[in-house]
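# Geometric and topological summary
What follows is the residue order along each chain.
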Amino acid sequence: MFVPLKGSWALIFGVSSGMGRETARALAGAGCHIIGVHFDLAEGQEQAARYAESLGELGVEAHFFNRNVAAKHARAELVPVIRDLTSGAGLRVVLHSVAYGTLTNLLPAPDDQEVRAEEVSPQQLSMTVEVMGHSLVYWIQDLVRAELLPRGAKVFAMTSAGGTRVLPGYAPVSAAKAALEAHVRHLAVELAPRGVAVNAIRAGTTITPALRKIPGSEKLIAHCRDINPGGRLTRTEDVAEAIVTLASSDSSWLTGNVIGVDGGEALVV
């Protein structure tokens, strides 16, 4: 059974860019109030504030917070805020769409390699997996303790094909995505008795600021555009529409999956 999202609340990590930004708009269009967390410098903060205002024009509340999603003190500060904003009813949707990490190799690239990269440091590797992978677990732990994930809630985590494939300069993020998918599986099982569904969304190649930072991204974009059965790249709107559709279901039976939203790209790569 599908239920209206109007009047419910969504918590979106990475709300100021890419998948998080577009999903916030789609959920707001469906009547869902938005609590957004992002991590930007001054200009980015101003843009995020303007974006929050534009969501408010859709007739919903939109509250954005510029915080480090992986910081313990950010959770300590924001979980009570979420309780107050939702009047204790909790969240219908949680979206983990965090793109903050190191793009490099595990080892120094040979001189003749097309994409040059330095070897990753322990600090870079730990930070990337912590922010893009483990932070999902810490937030879910705190939200469960605060009783802010009611029956019917949906948790989504953005992963990528790079979690199971090797791309030049992507090694630390690949490790983070693999960890994220493992966390999704375990959280899905542990939250099943509560009626909370947890799934990873594997978007196809999508032109976002995060993609542009990947070494050799232009070649990847051209290749994936050529092979996609749908004749184009994935768009952020495709992913947002899928999340809104899944969030509208009252069932928690679709859980623990990596759901491809890619027009069939992964089938032909």
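Residues numbered from 1 in each chain as written. Predicted model: local features only at pLDDT ≥ 70, side-chain atom pairs only at ≥ 80, totals over all residues. Heavy atoms only, no water.

### With respect to the side chain of R202
Rules: Elements are defined by DSSP. Helices are runs of H or I of four residues or more, strands are runs of E of two residues or more, and each kind is numbered from the N terminus. Only heavy atoms enter the contact rule, under which two residues are in contact if any of them lie within 4.5 Å.
As for its position among the elements, R202 is in strand β6 (residues 197-203). For R202, the residues in contact, after removing those within four places along its chain, are T159, S160, A161, V258, I259, G260, V261, D262 and A266.

### Re the packing of helix α1 (residues 18-29) against helix α2 (residues 42-56)
Put simply, the rule reads: Here an angle of 0 to 180 degrees is reported between the N-to-C directions of two axes, which are lines fitted to C-alpha atoms, with helices fitted over the stretch in contact. Throughout, the term roughly parallel applies to angles under 35 degrees, roughly antiparallel to angles over 145, roughly perpendicular to angles from 65 to 115, and oblique to all others. Each helix crossing is assigned a hand: it is left-handed if the near helix lies turned anticlockwise from the far helix by less than a right angle, otherwise right-handed if that turn is clockwise.
Running from amino to carboxyl end, α1 crosses α2 at an angle of 20°, the nearest separation of the two axes being 10 Å. In this view, α1 runs roughly parallel relative to α2, as classed from their interaxial angle. The handedness of the crossing between α1 and α2 comes out as right-handed. Note on element contacts: α2 touches α1 through Y51, S54 and L55, opposite R21, E22, A24, R25 and A28.

### Observations concerning the pairing of strand β7 (residues 258-261)
How we decide: The classification of residues rests on relative accessible area computed with a 1.4 Å probe and restricted to protein chains. Under 20% of the type maximum is buried, over 50% is exposed, and intermediate values are partly exposed. At least two DSSP bridges between two strands are required for those strands to pair.
Residues I259 and V261 line the buried face of β7, whereas the alternating positions V258 and G260 sit on a face that is not buried. Note: β6 against β7, 4 bridges, orientation parallel. Paired with I201 across the bridge in β7 is I259.

### Topic: the sheet that holds strand β5 (residues 154-159)
Pairing between sheet strands relies on hydrogen bonds along the backbone, with the strands arranged either parallel or antiparallel. Pairing is parallel in the open sheet, where 7 strands are placed in the order β3-β2-β1-β4-β5-β6-β7. Looking at the sheet topology across the chains shown, the edges are occupied by β3 (62-66) and β7. When strand polarity is set aside, the average angle formed by the axes of neighbouring strands in this sheet is 20°. Bridging between strand β1 (residues 9-13) and strand β2 (residues 33-38) involves 5 bridges; their strand directions are parallel. When the sheet's bridge partners are listed, L11 is paired in β2 with I35. Along the sheet face, helix α8 (residues 236-247) touches β4 (93-96), β5, β6 and β7 and points at about 155° away from the line of β5.

### Structural notes on the environment of V258
Examined against the element boundaries, V258 turns out to sit in strand β7. In sequence terms V258 and P122 are 136 residues apart; their C-alpha atoms lie 28 Å from each other. Ignoring sequence-local partners within four residues, the contact set of V258 consists of T159, E181, A200 and R202.

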